[in-house]
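Report on the structure
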Amino acid sequence: MKLFSLSILHKGATKANLLKAAYDLSSFSFFQRSSVQEFMTFTSALIVERSSQGSRASVKEQEYLCHVYVRNDNLSAVVIADAEYPQRVCFTLLDKVLEEFSRQVDSIDWPTGNPDTINYKALDIHLAKYQNPREADAMTKVQAELDETKIILHNTMESLLERGEKLDDLVAKSEHLGDCSKAFYKTARKQNSCCEIM
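Heads up: these notes are all about the structure in this document. (Residues numbered from 1 in each chain as written. Predicted model: local features only at pLDDT ≥ 70, side-chain atom pairs only at ≥ 80, totals over all residues. Heavy atoms only, no water.)

**Here we look at the overall build of the chain**
Along its length, the chain carries seven helices and six strands. Going residue by residue from the N terminus, the α and β elements of the chain occur as β-β-α-β-β-β-α-α-α-β-α-α-α. Counting all 198 residues of the chain, 46% fall into the buried class. The contacts of the chain with a sequence gap of at least 6 include a subset with a gap of at least 24, amounting to 62%. Accessible area for the chain stands at about 11,400 Å²; split by element, carbon and sulfur atoms hold 51% of it. (Helix = DSSP H or I, 4+ residues; strand = E, 2+ residues; numbered from the N terminus. Buried < 20%, exposed > 50% of the residue type's maximum accessible area, 1.4 Å probe, protein only. Contact = heavy atoms within 4.5 Å. Areas by Shrake-Rupley, 256 points an atom, 1.4 Å probe, with all protein chains shown as cover.)

**Looking at the pairing of strand 1 (residues 3-11)**
Counting buried positions along strand 1 yields nine of nine residues, so the element is predominantly enclosed. Bridge count for strand 1 against strand 2 (residues 16-23) is seven bridges, and the pairing is antiparallel. Each bridged residue has a counterpart across the sheet, and for leucine 6 the counterpart in strand 2 is alanine 22. Counted along the chain from strand 1 to the antiparallel partner strand 2, the turn is four residues long. (Pairing = 2+ DSSP bridges.)

**Topic: unusual backbone geometry**
Positive phi outside glycine occurs at glutamine 62, with the angle close to 55°. Structurally, the position occupied by glutamine 62 is in the loop between strand 3 (55-61) and strand 4 (64-70). On the accessibility criterion, glutamine 62 (42% relative accessible area) is partly exposed. Notably, asparagine 74 is not glycine yet its phi reads approximately 70°, a positive angle.

**Quick word on the environment of valine 171**
Note on placement: valine 171 falls in helix 6 (residues 167-173). Separated by 14 residues in sequence, valine 171 and tyrosine 185 have C-alpha atoms that sit 8.3 Å apart. Setting aside chain neighbours within four positions, we find valine 171 in contact with Phe39, Phe42, Leu177, Lys182 and Tyr185.

**Overview of helix 1 (residues 33-50)**
Here helix 1 is 18 residues long and its end C-alpha atoms lie 26 Å apart, about the 26 Å a rise of 1.5 Å per residue gives. The set of residues buried in helix 1 consists of Ser35, Val36, Phe39, Met40, Thr41, Phe42, Thr43, Ser44, Ala45, Leu46, Ile47 and Val48. (Expected span 1.5 Å × (residues − 1).)

Here you go:
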């Protein structure tokens, strides 16, 4: 069970704005880390853009689950975990991080802020602390209110995309991804596709 990424974003009218992010990419090779980090940033922004206000959702992308929470004030958070990590603990983490962030960072800074200008240091601490869900689970028992929000599980990232759009087209158009990351995506896509028997 592992958490790979924890991001805080602001959902704008047309695109999501990354405010702060923390990553644990130690399970990836050194040379892949920058591309993997760019893809996690891209995926987090895309999921927030496609999610409605006041919603929580879990989106499966290959062997990863991306959990998103978009509050009614457009402050959003995304955690990317492996499929074994407990969903409830992820949403507890997202709720806690967004509540803490909204108390420490003025909402005027959300639409225009970026990771360099936003002063919020606790994201790396939360990502490290929640690597062990059993420790986090003990904290959730203390929580008085139970969250009754419906959580929607999308089978694939493709189901989240609007009709007629393909993930490949979005990757090609993305301004978040560098050329190396796009090449990494194409190579990974080829290697993950099934072999054809002739």
